[in-house]
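Summary of the model geometry
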Amino acid sequence: MTTTAREPERVPAAPADSGGAATGAVYRGERLVPALMLAPVVLLLLAVVIGPIVFLIDTSLYRQNLFQVTPPRFVGVENYTYLFDTSRFTTSLLRSAVFTGTALAAEFVIGFALAAWVYRLRHLPGMALVRTALTTPILVAPIVAAVMWRFMYQPDFGVINHLLSLVGIPAIGWLSNTSIAIFSIAAIDVWQWTPFVFLIVLAGMHSVPEEYYEAAELDGAGFWRQTLFVTIPLLRRILVIVLLLRLIDLLRAFEVIVATTQGGPGDASYTLPVLIWETAFVSFEMGDAAAASVVLLVLVAIIITTLVRVVARSGVTGRQG
Amino acid sequence: MTATVSPTDSPAGTPADARKAARIAAGRAGPAWLLPLGVVVLAWLFPILWTALTSLKPEGGLTGLTPSFVFTPTLDNYIELFTERDYGRYLLNSLLIAGGATLVSMVLACFAAYALSRSDIAGREQIGMWILSLRMLPPISTVVPFYLILSGGGLLDSYVGLVGVYLSFSLPFAIWMLQGFFAEVPRSIDEAAQADGAGHLTILFRFIVPMTKSGLAVTTIFTFVFAWNEFLYAFLLTKDRWVTLPVRLGSTITPFQTDWGFLTAGAIVSFLPLVLVVFLLQREMARGVSLGAMR
């Protein structure tokens, strides 16, 4: 099954096989129905997504405070040049990079390790229970997760410091220490989203024919070699998709920061989304906020495009690899 | 990784056969690994367990200096939630909004994902990438235009307005997930069906959808969860009638005095329906996964 050509129309038809060529022609001809299937979605998405983006870009070119009676004034790219000149913008980029990088790496390493562990134990009872149990953090609303962890992080009556004190570790200011706060927040995201990586990778491992692992086993390949030469190549596509989804979510992570530190202490967790939120809903400078939003959009778009190119080069069809 | 070879695993054959079986069995780690796994899972669930525990504590026991594990449980916080704080309404609002957004998204996404992954209409790759790119939009940057557009159309704090806004993230997500699952169904299935005279709709609903049940279940669950848990849009685009559970919960956090007993009970209420959904669909997911999507 794995050797099935994904895109038959690209496979050069054997010259003698006129039947194959005819099938290809029929296949290519059937375009109306798929186009009709896609059209409503495209139109709907144009309305609910592209409209607001155009509006956003337009807003970013005006000086506009939501609570001032003076009408918006056209200023061109002034909002952008102002943004790039401020040190808090540079800071926010740095904080976003630290937050995203830390959480993404942790989620992938832990998620992959857990999936490999559970996959190896798949013949034992209770694995469905493990899978269901590890699904639960994903189900918690980000705002609720943030609140739960803030409760546990409390310096005086929080349960984490309480448990640490039992083994003699002094109280830690999880959210008040400037060098720890951003990692404490990243830990919340890691707790919540590592299971997502785990679930998808595990499902992917189950979709790999078991004989592959058995064959690797017989060749003397240990766990790490199996991971490197069987799991990762076969699951390349699904892994990149999960990576993409997590990267996006981390770059725009918002509730988890606003409900814990609001970007503080100082500017210790002042990421780009926090900057946008503060500019828009604390200072009400809509033009500046829109400019920062556009920067965030462009930033994410660059990363996405790069990754998508990588996937395309290594074969979008995935499982043939 | 000790090899625990059960009698069924090693058929009494040649020594070579036995060695082969032993090696394969070695790839399946022994039951000794269950215990540490159990510890990891329990530790992972601790925040939820702690929240549940806190929600059952009587008032006054919460801000004490040392967190207690032993106390007389009470449902006072939950009773207060539904009698005095009208939580039933917020629960229903969340259900209607997330359910509506998920239903519309899944139906449209089935068609779109089929067209994107199985047909060769012009520009399908570009359209697919475009839809993927919509998934990355930070809600923080689109909420202002949404607010202005909805208030202009008199749709602020309305069902249609909020579900429409939710489609902006749930639809691209559903399409992207589904087309990944659809793409994994071998193309030979389509060719065989086409040879038998099946049209696109038949291929989609008679072959692809039944073959990707676990993918559909997973996609539906995640689409619903994201809509159910959404905070920012609901917070800024509703006022009273359609206030959802996360918004109600989020607005109870104050920097000075937070009623943790009430808040933790609310958190459990927002979370339990989702656990229920996952448990109901667990069999579907497990079956799909174990069949390895027909490969």
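Residues numbered from 1 in each chain as written. Chains lettered and ligands numbered in written order. Predicted model: local features only at pLDDT ≥ 70, side-chain atom pairs only at ≥ 80, totals over all residues.

The helix and strand tally for chain B stands at 13 helices and 0 strands. Relative to its full complement of 295 residues, chain B shows a buried share of 44%. Considering only contacts in chain B between residues 6 or more positions apart, those separated by 24 or more positions represent 75%. (Helix = DSSP H or I, 4+ residues; strand = E, 2+ residues; numbered from the N terminus. Buried ≥ 20, exposed ≤ 12 C-beta atoms within 10 Å, placed from the backbone. Contact = placed C-beta atoms within 7 Å.)

A separate point is the overall build of chain A. Scanning chain A for helices and strands turns up 14 helices and 2 strands. Of all 321 residues assigned to chain A, the portion counted as buried reaches 42%. Put simply, of all contacts in chain A between residues at least 6 apart along the chain, 68% involve residues at least 24 apart.

Across the contact, 86 residues belong to chain A and 89 residues belong to chain B. For the side of chain A that touches chain B, the class distribution of residues is 63 nonpolar, 11 polar and 12 charged. (Nonpolar A, V, L, I, M, F, W, Y, C, P; charged D, E, K, R; others polar.)

Okay, unusual backbone geometry next. For the peptide bond that leads from Gly264(A) to Pro265(A), omega is -5 degrees, which places it in the cis range. Relative to the assigned elements, Pro265(A) resides in the loop between helix H12 (255-258) and helix H13 (272-281). For Gln262(A), which is not a glycine, the phi torsion comes out positive at approximately 55 degrees. With respect to the secondary-structure elements, Gln262(A) resides in the loop between H12 and H13. Notably, Asp86(B) is not glycine yet its phi reads approximately 60 degrees, a positive angle. Here Asp86(B) shows up in the loop between helix H3 (76-83) and helix H4 (87-118).

All names here are of chain B. For chain B, the average pLDDT comes to 80, and 81% of its residues sit at 70 or higher. The least confident element of chain B is helix H1 (residues 15-27), whose mean pLDDT is 56; the most confident is H4, at 94. Under a pLDDT of 50 for its full length, residues 1-12 has, in the predicted model, 20 contacts with residues more than four places off or in other chains. For this predicted complex, the interface confidence reaches an ipTM of 0.78, while the overall pTM sits at 0.78. (pLDDT = per-residue confidence, 0-100.)

Before going further, it helps to spend a moment on helix H6 (residues 142-153) of chain A. Residue and element names in this part refer to chain A. Taking 1.5 Å of rise per residue, 12 residues should cover 16 Å, and H6 covers 16 Å from first to last C-alpha, within 8% of that figure. Counting buried positions along H6 gives 12 out of 12 residues, so the element sits mostly inside the fold. Here H6 has its buried residues at Pro142, Ile143, Val144, Ala145, Ala146, Val147, Met148, Trp149, Arg150, Phe151, Met152 and Tyr153. (Expected span 1.5 Å × (residues − 1).)

The next point concerns the packing of helix H8 (residues 187-195) of chain B against helix H9 (residues 200-211) of chain B. Residue and element names in this part refer to chain B. Between H8 and H9, the shortest axis-to-axis distance is 10 Å and the interhelical angle comes to 125 degrees. As the angle between them shows, H8 and H9 are arranged oblique. Handedness of the H8/H9 crossing: right-handed. Residue-level contacts link Ile189, Asp190 and Ala193 of H8 to Thr202, Ile203 and Phe207 of H9. Partitioned by chemical class, the residues of the contact of H8 with H9 number 4 nonpolar, 1 polar and 1 charged. (Axes fitted to C-alpha atoms, helices over the stretch in contact; angles between N-to-C directions. Parallel < 35°, antiparallel > 145°, perpendicular 65-115°, else oblique. Left-handed = near helix turned anticlockwise from the far one by under 90°.)

The next thing to look at is the environment of Thr91(A). Considering the arrangement of structural elements, one finds Thr91(A) in helix H4 (residues 87-120). Excluding residues that lie within four positions of it along the chain, Thr91(A) makes contacts with Asp267(A) and Tyr270(A).

In this section: the nonpolar core. Residues Ala115(A), Val144(A), Ala109(B), Ala112(B) and Ile175(B) are the most contacted members of the largest nonpolar core, which totals 162 residues. With residues near it in sequence (within four places) discarded, Ala112(B) still touches Met37(A), Leu38(A), Val41(A) and Ile175(B). (Core = buried A, V, L, I, M, F, W, Y, C linked by C-beta atoms within 7 Å.)

The next subject is the environment of Thr244(B). All names here are of chain B. Along the chain, Thr244 falls in the loop between helix H11 (232-237) and helix H12 (245-250). Between the C-alpha atom of Thr244 and that of Trp176, which follows or precedes it by 68 residues, the distance is 26 Å. Other than its neighbours up to four places away in sequence, Thr244 contacts Tyr90, Asn93, Ser94, Ile97, Ala234 and Thr238.

Right, let's talk about the confidence of the model for chain A for a bit. All names here are of chain A. Per-residue pLDDT for chain A has a mean of 81; in total, 86% of the residues score no lower than 70. For chain A, the element scoring lowest by mean pLDDT is helix H1 (residues 18-29), at 42; H4 scores highest, at 93. Across residues 1-29 the pLDDT falls below 50, and counting only partners more than four positions away or on other chains, this stretch makes 27 contacts in the model. In this model residues 315-321 is a low-confidence stretch, pLDDT under 50, and it forms 13 contacts with partners more than four residues away in sequence or in other chains.

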